[in-house]
Each structure stands twice: as C-alpha cells, then as structure tokens.
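So the chains spell out like this:
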Amino acid sequence: MGGLKKDWKMEVAKTIQSIRKLVKAARAKGKTIGFVPTMGALHIGHISLIEAAARQTDFIIVSIFVNPTQFGPSEDFEKYPRPFDKDLEICKKHGVDVVFAPMPQEIYPGKNLTWVNVEKLTEPLCGQFRPGHFRGVTTVCAKLFNIVAPDMAFFGQKDAQQAIVIKRMAADLNMPLEIVVCPTIREPDGLAVSSRNQYLTRQQRKGATLIYKSLQKCRETIEAGVTNNKKIIDQMRKILNQIPSAKIEYISIVNAETLESIDQVAGKVLAAVAVKVGSTRLIDNILVDAD
Ligand code: AMP
C-alpha cells in the first residue's frame with residue numbers, strides 16, 4: 001500500500017513541534033488527517049486500524065507511546081513490550097505517513113495538574129479493577145488529539161469500554177474530530193489479538209481460547225432466548241473456570257451504550273470479560289443484539 005503512494009516517505013516525529021509542522025504541511029496540501037493512537041508492539045489489530053485510516057483519510061499518523069498515567073503501580077508499565085524498530089517497519093509497510101513517538105517527558109514535562117475524567121462510563125467493568133486507568137487514557141488522548149489535530153481517530157472494539165469513554169469525551173468536550181471504532185481482530189482460534197498475548201506460556205495460551213468460547217456461548221444462549229443475566233453469566237463462568245491458573249476479574253453483560261447493569265438481557269448488550277491468566281490480564285467482549 002505504501003509503495004503505491006506517490007513521493008511517499010515515512011517520517012518519525014519525536015517532538016510536539018515536529019509533528020505539528022508535518023500536520024500543518026499535510027493540511028496545506030488539502031489532506032485529511034487520520035490518527036491511530038497505540039502503545040506500540042504493533043500487531044494485526046493495530047494494522048486493521050491503520051488500514052481503516054487509509055481508507056477514510058489521506059494522511060495517516062500512528063502514535064507509539066506507552067502512557068505511564070494509565071498504568072497502576074502494580075501493572076506492567078516497565079515490562080510492556082517496546083519493539084520500536086519492528087513497529088517502524090510495520091508502519092512503513094502499511095503506508096503510514098508519520099509515526100509520532102514522543103518520550104514521556106515530551107508529553108508530561110512536569111507534574112500534570114490537569115486531567116480529563118469521564119464520569120459514570122468509567123466506573124463499571126475495567127474501571128472497578130484499574131483505578132485511575134481511564135483518567136490516564138482520556139487525558140493522554142485529549143493531549144494527543146490537541147497535538148495531532150486529526151479529522152478522524154481510530155480505536156478498536158477490543159477495548160470496548162475505552163472506545164465508549166473516548167467517544168463520550170470527544171462529544172462532551174466538543175472535540176472537532178470523529179471517533180471511529182473498528183472490529184476486534186482475532187487469532188484463528190478466536191483469541192483476541194493483544195500485545196500482552198506474548199506473555200502467555202504455551203499452556204496459558206491454549207487455555208486463553210476459552211475466553212472467546214465463553215463469549216460465543218453467551219451469544220448462543222441469548223440467541224436461544226435466555227434473558228436472565230445471572231444464568232448466562234454462570235454458564236460463562238463455568239467455561240472460564242476451566243482455564244488453568246486463571247482468575248476471573250469480571251464477567252458482565254451490560255447495556256451497550258450506557259454500560260449500566262441489567263437483570264434481564266434486552267436490546268443491544270455488551271458482554272465483556274477480564275481474566276488474569278497467570279499474571280497476564282486479558283480482556284475481550286462481544287456486542288449482542290438481544291431483540
Ligand atoms: P494498544 O496499543 O493496546 O493501546 O491499542 C491501540 C489501539 O489498537 C486501541 O484502539 C485498541 O483497541 C486497538 N486494538 C488492540 N488490539 C486490537 C484487536 N485485536 N483488534 C482491533 N483493535 C485492537
């Protein structure tokens with residue numbers, strides 16, 4: 001794809017000043033800006049977002065930034081994979097125009113006193129287990145949107161709650177961009193592709209396929225007409241409990257727009273799970289229309 005672009009050469013910007021200059025030049029040529037924020041360790045899930053950006057916009061920016069403020073003190077910030085050269089190759093191969101890869105001090109030059117916090121939507125699901133996580137995500141996305149000023153930003157359904165929270169932030173704060181949510185990309189055996197899958201041992205990786213199996217069971221059960229939320233969740237728990245060394249954080253079926261809990265499944269629902277397999281935290285979800 002990149003090879004088909006005329007006069008194309010991928011740039012790597014490390015400073016806010018340099019990315020702004022590149023965006024300004026693209027805009028001056030009448031190009032629309034598509035933005036894919038990532039933490040690197042790029043895989044086919046990220047590539048699908050780059051491809052969506054390429055279909056819908058003219059100038060593609062991928063950020064690679066492991067954002068410290070969205071990790072809790074006992075989480076994997078230090079050990080999060082950072083295969084930077086490989087990431088650049090992937091971006092080049094897929095026609096990315098600019099990789100924005102700032103150092104943490106570029107984004108957080110001093111103590112941050114201003115935070116963006118989306119209420120309510122950040123409370124259930126992952127919000128219960130990762131205090132401060134979404135505050136870190138929304139704050140860094142607000143910063144990145146202000147720096148890059150894209151027309152469209154692309155996020156994965158894999159992180160369903162994150163996508164909903166960011167959409168709401170952009171709407172509530174009148175941010176002049178469109179948030180596009182793209183489908184979850186899965187391995188052939190159904191496991192949602194994630195940078196964290198590489199932490200899994202062979203046995204854990206095998207067991208992790210039960211995560212998507214539990215979600216498929218949920219869909220089948222709802223489609224068979226079962227509406228009792230607890231009953232469906234109990235079935236899913238039975239499947240997830242078969243994963244060796246797994247600890248279930250949550251299994252939730254909630255309203256797909258408000259993320260509010262429901263007793264009876266009806267309308268559009270989000271079924272979401274978070275499971276710790278060994279020390280690796282995996283999340284996945286599906287949308288089901290119960291009507
Ligand atoms: P991350 O680098 O994990 O912060 O993810 C960057 C973006 O890629 C987020 O919008 C994620 O939702 C998205 N993403 C991660 N994994 C997948 C996947 N398997 N399918 C689709 N999008 C994904």
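Residues numbered from 1 in each chain as written. Predicted model: local features only at pLDDT ≥ 70, side-chain atom pairs only at ≥ 80, totals over all residues. Heavy atoms only, no water.

Novice: Where do I start with the site of the ligand in this structure?
Specialist: Met 39, His 46, Asp 159, Ile 185 and Val 193 are the nearest of the 17 residues found near the ligand. The separation between an oxygen atom of the ligand and a polar main-chain atom of Gly 156 is 2.9 Å. A distance of 2.8 Å separates a nitrogen atom of the ligand from a polar backbone atom of Ile 185. Of all the elements in the fold, those that place two or more residues in the shell around the ligand are β2 (33–38), α2 (44–56) and β5 (152–156). The element that contributes the greatest number of residues to the shell around the ligand is α2, accounting for three residues. Of the residues contributing to the shell around the ligand, the split by class is eight nonpolar, seven polar and two charged. (Near = heavy atom within 4 Å. Polar contact = N/O pair within 3.5 Å; in protein donor to acceptor, adjacent residues only side chain to side chain. Helix = DSSP H or I, 4+ residues; strand = E, 2+ residues; numbered from the N terminus. Nonpolar A, V, L, I, M, F, W, Y, C, P; charged D, E, K, R; others polar.)

Novice: Would you mind going over unusual backbone geometry with me for this structure?
Specialist: Glycine aside, residues mostly have negative phi angles, and peptide bonds mostly take the trans form. For Ala 41, which is not a glycine, the phi torsion comes out positive at approximately 50°. In this fold, Ala 41 is placed in the loop between β2 and α2.

Novice: Just to check I follow, could you spell out the packing of aromatic side chains for this structure?
Specialist: Aromatic ring pairs are described here by two measures, namely the spacing of the ring centres and the angle between the planes. Applying the stated criterion to the full structure yields six aromatic pairs. Geometrically, the ring pair formed by Phe 145 and Phe 155 is edge-to-face, given 6.3 Å between the ring centres and 80° between the ring planes. Residue Phe 145 is found in helix α6 (residues 133–148), and its partner Phe 155 is found in strand β5; the two are separated by ten residues along the sequence. Both residues of the pair, Phe 145 and Phe 155, belong to the buried class. One residue, Lys 79, lies across the ring of Tyr 199, its end atom 4.3 Å from the ring centre. Its guanidinium or amino end placed over the ring of Phe 77, Arg 82 lies 5.0 Å from that ring's centre, counting from NZ or CZ. (Phe/Tyr/Trp six-rings, centres within 6.5 Å; stacked < 30°, edge-to-face > 60°. Buried < 20%, exposed > 50% of the residue type's maximum accessible area, 1.4 Å probe, protein only. Lys NZ or Arg CZ within 6 Å of the ring centre and 35° of its normal.)

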